[in-house]
Amino acid sequence: MAKNTLSSEFRNIDVDQYNEDNYKDDDGEPQSPPIGVDEATIVSCINAGNHADALKLLLTNAPVASKGKNEQAKDMSLNLVLKVLLSVNKSQMDQIISSLDKTQLDVLMKYIYRGFERPSEGSSAILLIWHEKVYNVGGVGCIVRVLTDRKRV
């Protein structure tokens, strides 16, 4: 028998502190109003055919926060992202996705999953196409990072 089995040091650890129900988000930074993108700017980019620029603006300025915080800004941003995603032709999707970096792909995948939560007429089919194309570029890691991240869009 090993000497380590006789030790009772492990009983001094409070395992309940690691319970997910007791987890508290850090409020380290005070809530400041997000500097989002104006809807008129996005609509003008869409009308000019600059879908990639509109999507990049939205993804870099996404209001990412814990669930329950900044919900109004998140909803407004979701509506704008869905407007851009639904207005892109299938032939342009690959070009737009290839121009995004890893962080932007993760945020885009968050918006795709959030769009699945609130389906509208015909949006699910287009979001599935976006999901497939983002998955082809980002891989399984993109999905895992989105599903395990506590911060939502």
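Rules and cut-offs
Residues numbered from 1 in each chain as written. Predicted model: local features only at pLDDT ≥ 70, side-chain atom pairs only at ≥ 80, totals over all residues. Heavy atoms only, no water. Patch = residues over 30% accessible without salt bridge, like charges linked within 9 Å, V, L, I, M, F, W, Y side chains within 5 Å. Areas by Shrake-Rupley, 256 points an atom, 1.4 Å probe, with all protein chains shown as cover. Salt bridge = Lys/Arg side-chain N within 4 Å of Asp/Glu carboxyl O. Helix = DSSP H or I, 4+ residues; strand = E, 2+ residues; numbered from the N terminus. Buried < 20%, exposed > 50% of the residue type's maximum accessible area, 1.4 Å probe, protein only. Phe/Tyr/Trp six-rings, centres within 6.5 Å; stacked < 30°, edge-to-face > 60°. Axes fitted to C-alpha atoms, helices over the stretch in contact; angles between N-to-C directions. Parallel < 35°, antiparallel > 145°, perpendicular 65-115°, else oblique. Left-handed = near helix turned anticlockwise from the far one by under 90°. Contact = heavy atoms within 4.5 Å. Nonpolar A, V, L, I, M, F, W, Y, C, P; charged D, E, K, R; others polar. Arc of directions from axis to C-beta.

### Some thoughts on a nonpolar patch on the surface
Right, on to step 1. On the surface, a nonpolar cluster with roughly 370 Å² of combined accessible area is contributed by Ile-13, Val-15 and Tyr-18.
Right, on to step 2. Looking at where Val-15 falls in the secondary structure, it is placed in the segment before helix H1 (39–48).
Right, on to step 3. Exposure remark for Val-15: the relative accessible area of 59% places this residue in the exposed category.

### A short note on the packing of aromatic side chains
Right, on to step 1. Across all of its chains, the model carries one aromatic pair by this definition.
Right, on to step 2. Here the aromatic rings of Tyr-113 and Phe-116 are separated by 6.3 Å at their centres, their planes lie at 55°, and the arrangement is tilted. One end of the pair is Tyr-113 and the other is Phe-116, both in helix H5 (residues 102–117) and three residues apart, which spans about a single turn.

### Re unusual backbone geometry
Right, on to step 1. In the Ramachandran plot, Asn-70 falls in the positive-phi region, its phi being about 60° despite a non-glycine side chain.
Right, on to step 2. Within the secondary structure, Asn-70 is located in the loop between strand E1 (65–66) and helix H3 (71–87).
Right, on to step 3. On the accessibility criterion, Asn-70 (28% relative accessible area) is partly exposed.

### Topic: the side chain of Lys-110
Right, on to step 1. Tracing the backbone through its elements, the reader meets Lys-110 in helix H5.
Right, on to step 2. On the basis of relative accessible area, Lys-110 is assigned to the buried category, the value being 12%.

### Points about the packing of helix H2 (residues 51–60) against H3
Right, on to step 1. For the pair H2 and H3, interaxial distance at closest approach is 10 Å and the crossing angle is 155°. Here H2 is positioned roughly antiparallel relative to H3, judged by the angle of their axes. You can see that H2 and H3 cross each other, and the crossing is left-handed. When H2 is examined against H3, the residues His-51, Ala-54, Leu-55 and Leu-58 are found in contact with a partner set consisting of Leu-80, Val-81, Val-84, Leu-85 and Ser-87.
Right, on to step 2. Here the residues of the contact of H2 with H3 sort into seven nonpolar, two polar and no charged.

### Regarding the side chain of Lys-133
Right, on to step 1. Of note, Lys-133 is situated in helix H6 (residues 123–148).
Right, on to step 2. The residues contacting Lys-133, other than those within four sequence positions of it, are Lys-90, Met-93, Asp-94 and Ile-97.

### Notes on helix H4 (residues 90–98)
Right, on to step 1. Met-93, Ile-96 and Ile-97 are the residues of H4 that are buried. Along the axis of H4, the buried positions cluster into a sector of 90°, meaning they face one direction only. Within H4, the exposed residues directed more than 90 degrees away from the buried face are Ser-91, Gln-95 and Ser-98.

What is shown is where atoms sit, not what they do.
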